[in-house]
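# Residue-level structural notes
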Amino acid sequence: MARKLIFISHLNAACVTMLIMLILNMTCEATHPKLSTKFYRKKCPDALTTIRKSVRTAISKERRMAASLIRLHFHDCFVQGCDASILLDEAHSIKSEKTALPNNASVRGYQVIDNAKAAVEKICPGVVSCADIVTVAARDASEYVGGPSWKVKLGRRDSTTASRSLAESGELPSFTASLDQLITLFARKGLDKRDLVALSGSHTIGQAQCFTFRNRIYNKTSDIDAGFANTRKGRCPKNSGSDKLSPLDLVTPNSFDNNYFKNLIQKKGLLHSDQVLFSGGSTDKIVYEYSKNPSLFNTYFASAMIKMGNNDVLTGSSGEIRRICSVVN
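Please read these numbers as outputs of a predicted model, since none were measured by experiment.

Next up on the list: empty space enclosed by the protein. Evaluated as defined, the whole model comprises 3 cavities of 30 Å³ or more. Roughly 50 Å³ of volume is contained in the largest cavity. Looking at the largest cavity, it is lined by 11 residues, and the ones nearest its centre are V152, K153, R156, I306 and N310. It is helix α14 (residues 294–309) that provides the largest number of residues to the lining of the largest cavity, a total of 3 residues. Tallied by class, residues from the lining of the largest cavity come to 4 nonpolar, 4 polar and 3 charged. What the second largest cavity holds in volume is close to 40 Å³.

Shown next as structure tokens:
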């Protein structure tokens, strides 16, 4: 009997491995046809190592920056596509996305991208786009804090426009969003429920401002653990400190793991938009699977990041290669 159980265990592990390989192969085949992992191989062979060095230097100084770089990529791709539009400063013809309500005093990491761009410009002037740097930086950030890595197809070009109005129109998920709203919003970007849950899992690292979860911990409902809510009040006063920060995951706040999903099952999701993923709806099963299998979560997270990173990209003669990421040429 014991031998039979061991055989079944190995069989299940083999099946999971085959599934992971299948998912990654399908994802790679679905990427933008004009993008390539070899795009800079001849044009700028040291581009990726140069970007990685800038990212690692930044995160070594501030661990939270890993979450910020992943979030920066997300907020860029959900508005106009992955075109570095979020990096543009306010100008006569530019209504900056930086000052849009979901981004203002919230999205971070701009200086890290600027530093990486400056370093790349020194070795390959006018070759590497800011959009590619943002995409690669998110991958390198994940890897640095123990998360998955993946092959990034490159060749994106930078937009010459930005859209504050689009960033404020509901294209970016709100921390108050319902499950149906999240599913609909992600579906518009070609991302399914598994992608939605996996990408939300990036909240295993990073921090949230008090105002984003104050109502949840003080107006306690059946979907929040009472002890968890009381603990969180210590970092979020009822009538002050709206910008005070608190870890999204109290247990392992600086490590990329699957503890986020375990928290949801225990009704310890910090944001409303987190907990709705495990609230009796259609994503409960996915949350449960990711909570039990970190390898499966890592695989789907990498897959979802690849899909998101190829969303409405500019290639060929579209857009430009900005010399400075915050301004058009």
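Before going further, it helps to examine the environment of F39. Mapping F39 onto the fold places it in the loop between α1 (2–29) and α2 (47–61). A C-alpha to C-alpha distance of 7.7 Å links F39 and K153, two positions 114 residues apart in sequence. Those residues in contact with F39 that lie beyond four places of it in its chain are L154 and G155.

Further remarks concern unusual backbone geometry. Although it is not a glycine, A105 adopts a positive phi angle of roughly 55°. Looking at where A105 falls in the secondary structure, it is placed in the loop between α3 (65–77) and α4 (110–123). Of note, K267 is a non-glycine position whose phi angle comes to about 60°, a positive value. Note on placement: K267 falls in the loop between α11 (259–265) and α12 (272–275).

Quick look at the confidence of the model for the protein now. For the protein, per-residue confidence averages 91 on the pLDDT scale, and 90% of positions sit at 70 or higher. Long-range and interchain partners of residues 1–11, a stretch whose pLDDT sits below 50, account for 0 contacts in this model, where long-range means more than four residues apart.

This brings us to the state of the cysteines. Counted according to the given criterion, the structure contains 4 disulfides. The side chain of C210 participates in a disulfide bridge whose partner is C236; the two sulfur atoms lie 1.8 Å from each other. Because the torsion about its S-S bond is 75°, the bridge between C210 and C236 counts as right-handed. Of this pair, C210 sits in the loop between β1 (207–209) and α9 (214–218) while C236 sits in the loop between α10 (226–232) and β2 (245–247); the two residues are 26 residues apart in sequence, bridging distant segments of the chain. No difference in accessibility class separates C210 from C236, as the two residues are buried.

The rules we used
Residues numbered from 1 in each chain as written. Predicted model: local features only at pLDDT ≥ 70, side-chain atom pairs only at ≥ 80, totals over all residues. Heavy atoms only, no water. 1 Å grid on protein atoms, 1.4 Å probe; cavity = no way out; pocket = protein on both sides within 12 Å on 5 of 7 lines; lining within 4 Å. Points joined across faces, edges and corners; volume = space filled by probe spheres on them. Helix = DSSP H or I, 4+ residues; strand = E, 2+ residues; numbered from the N terminus. Nonpolar A, V, L, I, M, F, W, Y, C, P; charged D, E, K, R; others polar. Contact = heavy atoms within 4.5 Å. pLDDT = per-residue confidence, 0-100. Disulfide = S-S within 2.5 Å. Buried < 20%, exposed > 50% of the residue type's maximum accessible area, 1.4 Å probe, protein only.

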